[in-house]
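The chain contents come next:
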Amino acid sequence: MFRDNELLTGEDETMRQKDIEKFAFLYLCGQRDKDILAGKERMTFQDFDRLTYITDFLELAQMNLEIWNCFYPQFKEQFEAVGRLLEENCRNMEFREYEDDIRLHNKWLTEFCTAAPEKEMREYLIETIDLIHEKGRKKKDRQTHTP
């Protein structure tokens, strides 16, 4: 007798993962983000940047991809303009995270937690974000201590 997951093809498994991530993200996010993703409220470029950052941070790759696929065309010109600007002005620039970026990303994560509909969800998100930050710090420490 086959177990449920043995019957799934790779495509079916991806669809199931996509549905699980979408359900989880929509369950945890605030009403404004739900409205944006449902098309009830207009998504701005900053919303797109924020939501793709949060889904990437939370390792929700399928949800991140869905946001990209649905909303990227709306911001294609802005991405092309940024690409040209970087190409013209930053050829020899070293790319690294700056303090302003870190503050902005932390603000987005804090706002996402605060907007969660219930206290238990907010607590879960805070714990999850802390764990992901800790995992990132350990990885960074290993990379800097590797000869």
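Definitions and limits used
- Residues numbered from 1 in each chain as written.
- Predicted model: local features only at pLDDT ≥ 70, side-chain atom pairs only at ≥ 80, totals over all residues.
- Heavy atoms only, no water.
- Axes fitted to C-alpha atoms, helices over the stretch in contact; angles between N-to-C directions.
- Helix = DSSP H or I, 4+ residues; strand = E, 2+ residues; numbered from the N terminus.
- Parallel < 35°, antiparallel > 145°, perpendicular 65-115°, else oblique.
- Contact = heavy atoms within 4.5 Å.
- Left-handed = near helix turned anticlockwise from the far one by under 90°.
- Nonpolar A, V, L, I, M, F, W, Y, C, P; charged D, E, K, R; others polar.

Enquirer: An account of the packing of helix α4 (residues 45-57) against helix α6 (residues 99-115) is needed here, citing residue identities and associated values.
Expert: Two elements in contact, α4 and α6, have axes whose closest approach is 10 Å; the angle formed by their N-to-C orientations is 80 degrees. In this view, α4 runs roughly perpendicular relative to α6, as classed from their interaxial angle. In contact with Gln46, Asp49, Arg50, Tyr53, Ile54 and Phe57 of α4, α6 contributes His105, Trp108, Leu109 and Phe112.

Enquirer: Describe in detail the packing of α4 against helix α5 (residues 61-89), supporting the description with residues and values.
Expert: Contact pair α4 / α5: the axes reach a minimum separation of 10 Å and the direction vectors enclose 150 degrees. Judged by the angle between their axes, α4 and α5 are roughly antiparallel. Handedness of the α4/α5 crossing: left-handed. For the pair α4 and α5, contact is made by Phe45, Phe48, Leu51, Thr52, Thr55 and Asp56 and by Met63, Asn64, Ile67, Trp68, Phe71, Tyr72, Phe75, Gln78 and Phe79, respectively. Residue classes in the contact of α4 with α5 are distributed as 10 nonpolar, 4 polar and 1 charged.

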